[in-house]
Amino acid sequence: MAEAVPVRCPACQRENGYISPVFPCACGSPVIPPLDLAAAPLPLTHRTWQDSWVTVRCGSCGRESEWPHPEVGCGSCGTVVLVPVRPPDPPDPVEPAEGGTDAGDAAGADSGVREEAGAGDGVRGDAHPAGRAPATPASGGAAGAARGPASRPPFRPVTIRTARDAVATAALYLRWLGFRDVRQPDGVPIPSAAVDLRAPGVVAQVDPTTAPAGLRAVECVWLNGLTASTTSVYFALAGYTEEARGRADDLGIPLFVMDLTGMPQPVNDPADALVVRGA
């Protein structure tokens, strides 16, 4: 576990300990927002959806994803403090190959290579950046459609821009797993409250907030599933606390985390098993 770092409250000057959250990248590697402790923390006076997210690059695959912006509540005055995060470094510039004549010749040669590649065995001519896998909505990382039954079509994610999008994405994913007649609430979900999704054989909870889901939330969805004699599933945008993950493992509750691209990722063994077997 990462060590706590001191974050000074700009309102009362008290130092509060903060531990960076760990998020799962689509490639399966842990992603930790790089804190910029040299920058001054800012008080959160007005919360907006856009400012609640920060871009973090995975150190393993180079994928850039949006994750909840780190924040800490002051234990003295109650001010919510935004912890500064270093932006991803710009990609290294691609140097032109030595021995080239001019830009026109280089462009013509590149065009010729692409045409030859497009004509052979269905191979695309456009290369992907070094160290990064092609971003396909059907991949889902290590826990995506490739691990599901061969007959299951690839899951197509929907970009998450609002809390309603998060609920819709979870419903689509449940249908992709094989659950039918997934019911969504009619009203717009309250940003600070989790939303129920129900279908024959499953009770799901969707947390569209930017705070990690806690122990009580996991136990509540387990009780709902126990009452209905169905499978309990939890979806969260900001991940889970250590206590929540441990309790979910004990109770066998599948936990999924969603980034803003709309691709749910399993974060524990019950979720992996659910992806493999489906409904």
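Preceding this section is the structure that the text describes.
These notes cover the structure that comes with them. (Residues numbered from 1 in each chain as written. Predicted model: local features only at pLDDT ≥ 70, side-chain atom pairs only at ≥ 80, totals over all residues. Heavy atoms only, no water.)

Some details on the overall build of the protein chain
- When its secondary structure is counted, the protein chain shows 5 helices and 14 strands.
- Scored against the burial criterion, the 279 residues of the protein chain give a buried share of 37%. (Helix = DSSP H or I, 4+ residues; strand = E, 2+ residues; numbered from the N terminus. Buried < 20%, exposed > 50% of the residue type's maximum accessible area, 1.4 Å probe, protein only.)

Some words on the nonpolar core
- By size, the foremost hydrophobic cluster in this structure holds 30 residues, and its most contacted members are Val7, Tyr18, Tyr234, Tyr240 and Leu255.
- For this core, the secondary-structure elements that each account for two or more residues are β1 (5-8), β6 (53-57), α3 (215-228), β12 (231-236), α4 (242-251) and β13 (255-258).
- Look past the residues within four positions of Tyr240 in its chain and what remains in contact with it is Pro212, Ala213, Tyr234, Phe235, Arg245, Leu255, Phe256 and Val267.
- With 29 residues, the next largest nonpolar core counts Leu177, Val233, Leu237 and Leu260 among its residues. (Core = buried A, V, L, I, M, F, W, Y, C linked by side-chain atoms within 4.5 Å. Contact = heavy atoms within 4.5 Å.)

A word on the packing of aromatic side chains
- Taken as a whole and judged by the stated rule, the model has 8 aromatic pairs.
- Residues Tyr234 and Tyr240 carry aromatic rings whose centres are separated by 5.8 Å and whose planes lie at 75° to one another, so their mutual orientation is edge-to-face.
- Owing to a relative accessible area of 1%, Tyr234 belongs among the buried residues under this scheme.
- Grouping aromatic residues by their ring pairs yields a cluster made of Phe155, Tyr173, Trp176, Phe235 and Phe256. (Phe/Tyr/Trp six-rings, centres within 6.5 Å; stacked < 30°, edge-to-face > 60°.)

Some details on the packing of α3 against α4
- The geometry of α3 relative to α4 is characterised by a closest axis approach of 8 Å and an angle of 25° between their N-to-C directions. By the angle between their axes, α3 is roughly parallel relative to α4. Contacts between α3 and α4 involve Leu215, Val218, Glu219 and Trp222 from the first element and Glu243, Ala244, Arg247, Ala248 and Leu251 from the second.
- Residues belonging to the contact of α3 with α4 are distributed by class as follows: 6 nonpolar, no polar and 3 charged. (Axes fitted to C-alpha atoms, helices over the stretch in contact; angles between N-to-C directions. Parallel < 35°, antiparallel > 145°, perpendicular 65-115°, else oblique. Nonpolar A, V, L, I, M, F, W, Y, C, P; charged D, E, K, R; others polar.)

A word on the side chain of Thr169
- Locating Thr169 in the fold gives a position in helix α2 (residues 163-177).
- Residue Thr169 is classed as buried on the basis of its relative accessible area of 0%.
- Once residues lying within four places of it in the same chain are set aside, the contact partners of Thr169 are Phe155, Val158, Ile160, Met258, Gly262 and Pro264.

A word on the pairing of strand β10 (residues 195-199)
- Of the two faces of β10, the one lined by Val195, Leu197 and Ala199 is fully buried and the one lined by Asp196 and Arg198 carries no buried residue.
- In this structure, β10 lies alongside strand β11 (residues 202-207), joined through 5 bridges in antiparallel fashion. Looking at β11, one finds that Asp196 is bridged to Gln205. (Pairing = 2+ DSSP bridges.)

Structural notes on the environment of Glu242
- As for its placement among the helices and strands, Glu242 is situated in helix α4.
- Along the primary structure Glu242 and Leu215 are separated by 27 residues, whereas in three dimensions their C-alpha atoms are 8.5 Å apart.

Side note on the sheet that holds β11
- With mixed pairing, 5 strands are arranged side by side in an open sheet as β10-β11-β12-β13-β14. In the strand order of this sheet, the two ends are held by β10 and β14 (264-266), each with one partner. Within the sheet, the average angular offset between the axes of one strand and its neighbour, ignoring direction, is 25°.
- Each of β12, β13 and β14 is contacted by helix α5 (residues 269-277), which is oriented at about 85° to β13, the strand it contacts most.

Focus: the sheet that holds strand β9 (residues 80-82)
- One open sheet holds the 3 strands; their spatial order is β5-β9-β8, and the pairing between them is antiparallel. Of all the strands in the sheet, the pair left with one neighbour each is β5 (42-43) and β8 (71-73).

Regarding the pattern of salt bridges
- Taken as a whole and judged by the stated rule, the model has 4 salt bridges.
- Residue Glu15 pairs with Arg8 through a salt bridge whose shortest N-O separation is 2.9 Å.
- Notably, a salt bridge pairs Arg57 with Glu64, separated by 2.5 Å at the nearest N-O pair. (Salt bridge = Lys/Arg side-chain N within 4 Å of Asp/Glu carboxyl O.)

Let's talk about unusual backbone geometry
- A positive phi angle, close to 70°, is found at Gln13, a residue other than glycine.
- Mapped onto the elements, Gln13 comes out in the loop between β1 and β2 (15-18).

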